[in-house]
Amino acid sequence: MRFDPEAHPHRRHNPLTDAWALVSPHRNQRPWQGQREVTGGENHPSYDTHCYLCPTNTRANGESNPPYTGTFVFTNDYAALLSTSPGGESAEQGFLHAEPVQGECRVICFSPRHDLTLPEMEVEQLTKVVDVWAEQVRELGTQNRWVQVFENKGAVMGCSNPHPHGQAWASNFLPELPFREEECQRRYTEKRDSVLLCDYLIQERERQERIVEENAHWVMLVPYWAIWPFEYLLLPKRHVLRLPDLSSEERVSLAEILKRSLIRYDNLFETSFPYSMGWHGAPTDEGNYAHWQLHAHFYPPLLRSASVRKFMVGYEMLAESQRDLTPELAAKRLQEVSAVHYKAW
Ligand code: H2U
Ligand code: ZN
């Protein structure tokens, strides 16, 4: 019998983090009798008096939101990182090792509309979200080494409020995962004198099978090494270090590919598709980061329906990530669904 990656167990390498994932395509027909998430409650009003993100409402710290009409950014009232926290030497006693850190956390409201998720927004409004992401990276990056822009969407992902919003957490250190991406991309460039994710995109564009959306400036694909069932990797077609470096044309084109790709997510199970997404650009200190390529990750937990999710438990927690559905089949399903939102059918 000859090894066939479409049928036989194998491991795939993630060159961006130097991690491995087990793929078990032969298990695809495994029966499921586990938990079903309760969905529903998807029809929200356009304004909610009890929402702490809606315009003019009062937040936990007693402040009122302005009557904003576009995007709105404020400092997280429960910030995980503080700019005023003391610095100094690390505290080290044998195995007990702690390092002081500083930073800042902000909340980014995408629009005044309580009910309008990214895929349902007009490209023009979505471009404003892109602009605010870029602006936060530029602004917070002047004082911090890393600015993590992200969105938690859906209660399944622990999102506390359906009002569409993201966050930016800035820190004076490189967090764990960006640190690994930094090392892998740097090593690749030292060895080959080219950029890891630019070279990866060349190979994916030759093969086409994992590409879900492509336009003038961007490609959305299911990476070969994906660990979440319908994971996306979003890449610019040119070499770009950070969000603020994007031209206005590239920002509109980014809004367009985001809209189409996220509509495909929603259409997959005809539900507002939950995920955690976030941007990885070059660190924002003075170093040379020519080996970096800007990209975004989308990690959605849903697997089989609006109520059946993948859990990263057992083998994943104790050994390594594992999946049954191959990234190729996931890409195929995303390619096959409509790019017109199901609510507009
Ligand atoms: P999620 O994106 O995970 O739902 O988090 C929303 C953030 O909003 C969360 O970090 C903050 C929480 O600390 N928040 C405020 O800053 N003010 C509030 O009045 C409530 C929640
Ligand atoms: Zn709201």
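Residues numbered from 1 in each chain as written. Chains lettered and ligands numbered in written order. Predicted model: local features only at pLDDT ≥ 70, side-chain atom pairs only at ≥ 80, totals over all residues. Heavy atoms only, no water.

Explain the overall build of the protein to me, please; I cannot follow it from the model alone.
In terms of helices and strands, the protein carries six helices and 16 strands. For 345 residues, the compact-globule formula gives about 20 Å, and the C-alpha radius of gyration of the protein, at 21 Å, lands near that figure. Once the C-alpha set of the protein is aligned to its principal axes, its extents read approximately 65 × 55 × 45 Å. Residue pairs in contact within the protein that sit at least 24 positions apart in sequence constitute 67% of those at least 6 positions apart. When the accessible surface of the protein is summed, it comes to about 17100 Å², and 52% of that surface belongs to carbon and sulfur atoms. (Helix = DSSP H or I, 4+ residues; strand = E, 2+ residues; numbered from the N terminus. Rg over C-alpha atoms; globule rule 2.2 N^0.38 Å. Contact = heavy atoms within 4.5 Å. Areas by Shrake-Rupley, 256 points an atom, 1.4 Å probe, with all protein chains shown as cover.)

Is there a simple way to explain the coordination of the zinc ion (ligand 2) in this structure?
Protein ligation of the zinc ion (ligand 2) involves Cys 51 (SG), Cys 54 (SG), His 114 (ND1) and His 163 (ND1), the donor distances falling in the range 2.0 to 2.3 Å. Note that the zinc ion (ligand 2) binds four donor atoms; their angles at the metal cover 100 to 117 degrees, and the shape is tetrahedral. Between consecutive donors of the zinc ion (ligand 2), the numbers of intervening residues give the motif C-x2-C-x59-H-x48-H. (Donors = N, O, S within 2.8 Å, 3.2 Å for Na, K, Ca; no water. Tetrahedral: all angles 85-135°; square planar, octahedral: opposite > 155°, others 65-115°.)

Teacher, can you tell me more about helix α3 (residues 196–207) here?
Spacing of three or four residues puts side chains on the same side of an α-helix, whose turn is 3.6 residues. If you check α3, its first and last C-alpha atoms are 17 Å apart, about what twelve residues at 1.5 Å a residue would give, namely 16 Å. When we look at burial in α3, the residues that qualify are Leu 196, Leu 197, Tyr 200, Leu 201 and Glu 204. End-on view of α3: buried residues confined to an arc of 125 degrees, all on one side of the axis. Here the buried face of α3 lies against α2 (176–192), β9 (211–214), β10 (218–221), β11 (232–236) and β13 (295–299). One or two positions beyond α3, positive phi appears at Gln 208, with a value near 70 degrees. (Expected span 1.5 Å × (residues − 1). Buried < 20%, exposed > 50% of the residue type's maximum accessible area, 1.4 Å probe, protein only. Arc of directions from axis to C-beta.)

In this structure, what is going on with the pattern of salt bridges? I would like to understand it.
Should their charged atoms come close, side chains of opposite charge can pair. For the coordinates displayed, the defined rule picks out 27 salt bridges. Between Arg 210 and Glu 204 there is a salt bridge, with the nearest N and O atoms lying 2.9 Å from each other. Taken individually, Arg 210 and Glu 204 each receive the classification buried, so the pair is uniform in this respect. One salt bridge connects Arg 264 with Glu 213, and the closest N-O pair in it is separated by 2.7 Å. With Arg 264 in helix α4 (residues 248–268) and Glu 213 in strand β9, this pair connects stretches of sequence that are 51 residues apart. Side by side, Arg 264 and Glu 213 carry an identical accessibility label, which is buried. Residues joined by salt bridges that share partners form a network here, namely Arg 12, Glu 204, Arg 207, Glu 209, Arg 210 and Glu 328. (Salt bridge = Lys/Arg side-chain N within 4 Å of Asp/Glu carboxyl O.)

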